[in-house]
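What the coordinates show
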Amino acid sequence: MIRALRPHVGPFLGLMVLLSLTAICSSLPIGEWNLIVALTFAGMKTGLVVYFFMELRREGALIRIAACVGLVWLMIMLILALADFVSRFPGTLME
Amino acid sequence: MPEEPVVIEAPDEQYAAAEQQKEAVTLGMWIFLATEVLFFGGLLLSYSAYRIWYPHDFAFGSRHLDFTLGTTNTAILLTSSLLMAGAVSAGRLLNRRVTVVLLTVTALLGIAFLCIKGYEWHTAIEDNFWPGTVWPAAEARPGGVRLFYTLYFALTGLHGIHLFIGCTLVFGTAFRYARARIFEPNPNYLKLLGLYWHFVDIVWIFLYPLLYFIGRSS
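Criteria and thresholds
Residues numbered from 1 in each chain as written. Chains lettered and ligands numbered in written order. Predicted model: local features only at pLDDT ≥ 70, side-chain atom pairs only at ≥ 80, totals over all residues. Heavy atoms only, no water. Helix = DSSP H or I, 4+ residues; strand = E, 2+ residues; numbered from the N terminus. Buried < 20%, exposed > 50% of the residue type's maximum accessible area, 1.4 Å probe, protein only. Contact = heavy atoms within 4.5 Å. Lys, Arg positive; Asp, Glu negative; His and termini not counted. Charge placed at Lys NZ, Arg CZ, Asp CG, Glu CD. Polar contact = N/O pair within 3.5 Å; in protein donor to acceptor, adjacent residues only side chain to side chain. Phe/Tyr/Trp six-rings, centres within 6.5 Å; stacked < 30°, edge-to-face > 60°. Lys NZ or Arg CZ within 6 Å of the ring centre and 35° of its normal. Salt bridge = Lys/Arg side-chain N within 4 Å of Asp/Glu carboxyl O. Disulfide = S-S within 2.5 Å.

What follows is about the overall build of chain B. A tally of helices and strands in chain B yields 6 helices and 0 strands. Listing the helices and strands of chain B from first to last along the sequence gives α-α-α-α-α-α. The dimensions of chain B, computed from C-alpha atoms along their principal axes, are 65 × 35 × 30 Å. A buried classification covers 52% of the 218 residues belonging to chain B. Within chain B, counting contacts between residues at least 6 apart in sequence, those at least 24 apart form 82% of the total. Distance from the positive charge centre (14 side chains) to the negative charge centre (16 side chains) of chain B: 5 Å.

All names here are of chain B. Its location among the elements puts Thr35 in helix H1 (residues 18–53). Under the relative-accessibility criterion, Thr35 is labelled partly exposed at 43%. From its side chain, Thr35 meets the backbone oxygen of Phe32 in a polar contact 2.5 Å long.

Two aromatic rings, taken as a pair, are described by how far apart their centres are and by the angle between their planes. Applying the stated criterion across every chain, the model contains 20 aromatic pairs over all chains. With a centroid separation of 5.1 Å and an interplanar angle of 90 degrees, the aromatic rings of A:Tyr51 and A:Phe52 are classed as edge-to-face. When its relative accessible area of 27% is taken as the criterion, A:Phe52 is described as partly exposed. Here the aromatic rings of B:Tyr149 and B:Phe153 are separated by 6.2 Å at their centres, their planes lie at 45 degrees, and the arrangement is tilted. One end of the pair, B:Tyr149, and the other, B:Phe153, are both in helix H5 (residues 144–179), 4 residues apart, so they sit about a helical turn from each other. Residue classification places B:Tyr149 among the buried positions, given a relative accessible area of 1%. Take B:Phe153: its relative accessible area is 5%, and that puts it in the buried class. Cluster of aromatic residues (ring-pair linked, three or more members): B:Tyr47, B:Phe58, B:Trp121, B:Phe129, B:Trp130, B:Phe148, B:Tyr149, B:Tyr152 and B:Phe153. For the cation-ring pair, B:Arg176 lies above B:Tyr189, with the distance from its terminal atom to the ring centre recorded as 5.4 Å.

Turning next to the pattern of salt bridges. With the rule as written, the count across this model stands at 5 salt bridges over all chains. Measuring nitrogen to oxygen at the nearest pair gives 3.6 Å for the salt bridge that ties A:Glu55 to A:Arg58. A residue is classified by how much of its surface remains accessible, and A:Glu55, at 8% relative accessible area, is buried. Across the pair B:Glu120 and B:Lys117 runs a salt bridge whose closest N-O atoms are separated by 3.3 Å. Here B:Lys117 and B:Glu120 lie together in helix H4 (residues 96–126), a separation of 3 residues that amounts to about one turn. Taking relative accessible area as the criterion, B:Glu120 reaches 5% and is therefore assigned buried. When salt bridges that share partners are traced, they join A:Glu55, A:Arg58, A:Glu59, B:Arg92 and B:Lys191 into one network.

Take the state of the cysteines next. All names here are of chain B. For the coordinates displayed, the defined rule picks out 0 disulfides over all chains. Of the cysteine sulfurs around Cys167, a residue in no disulfide, the closest is that of Cys115, at 9.6 Å. Using a relative accessible area of 2% as the deciding quantity, one classes Cys167 as buried.

Listed below in structure tokens is the structure:
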């Protein structure tokens, strides 16, 4: 049991620290920065999960690229679509 | 870090080597997960657009969700991911007992998540937030709150279905391994099961701040 779990405990502790920070920072009165901070922590958690738990650190270039394309496609869709919304309604992106 | 012994087995006939088969199935799974990202992406785009249109209504809807339950559920899923990663390692170590135990607890944590989620849904439906129900406060908050809750039910529902599928697969695998006469787990299968489970975890990592955090600080 210990031998199977030991390599994964480090990333897990990192995840729990990031979760605590996410939860604490969510009530800070920093306005629109709340969303940016929360998404940054979510991105860092995703990085830990993908790199360690999903073993991307052991994969070759082909699989690393394949792992990135989902994110790239999503970003293309979100950025192009939201560029319109954000520029038409300035100042209403975040509370 | 000690490297786990990997089971060397003959590849299926269309592959030149076991290593090639492993890379092929891993690539296939990552491509599938990329399509899943876009599957959720459509809803996330609607969410973003409507949140820009109705920032105050989204904050109103979000404040009605239980922040503690959301945080607890995040911790549960992160823990389940740890155990899932451990189960993949234990399978490579050919340790049947640990593999079966870790898979079972992983699936149980998934069920615990779904139970808490179900309780949250129950509360939201009791408060008449279910789309299409007559809600007395609707006149004060036209449109936006309902859009938030429509997206809330759609996003968490879609995520819940994925998690339910994951629990079924993980339970089934644990059962199969526990019953097998000889324990010789297919390391590729366990790895792909892990990839799916971690992906579902990542979806929730993003849904958690997007659904529970709006207007918390104001």
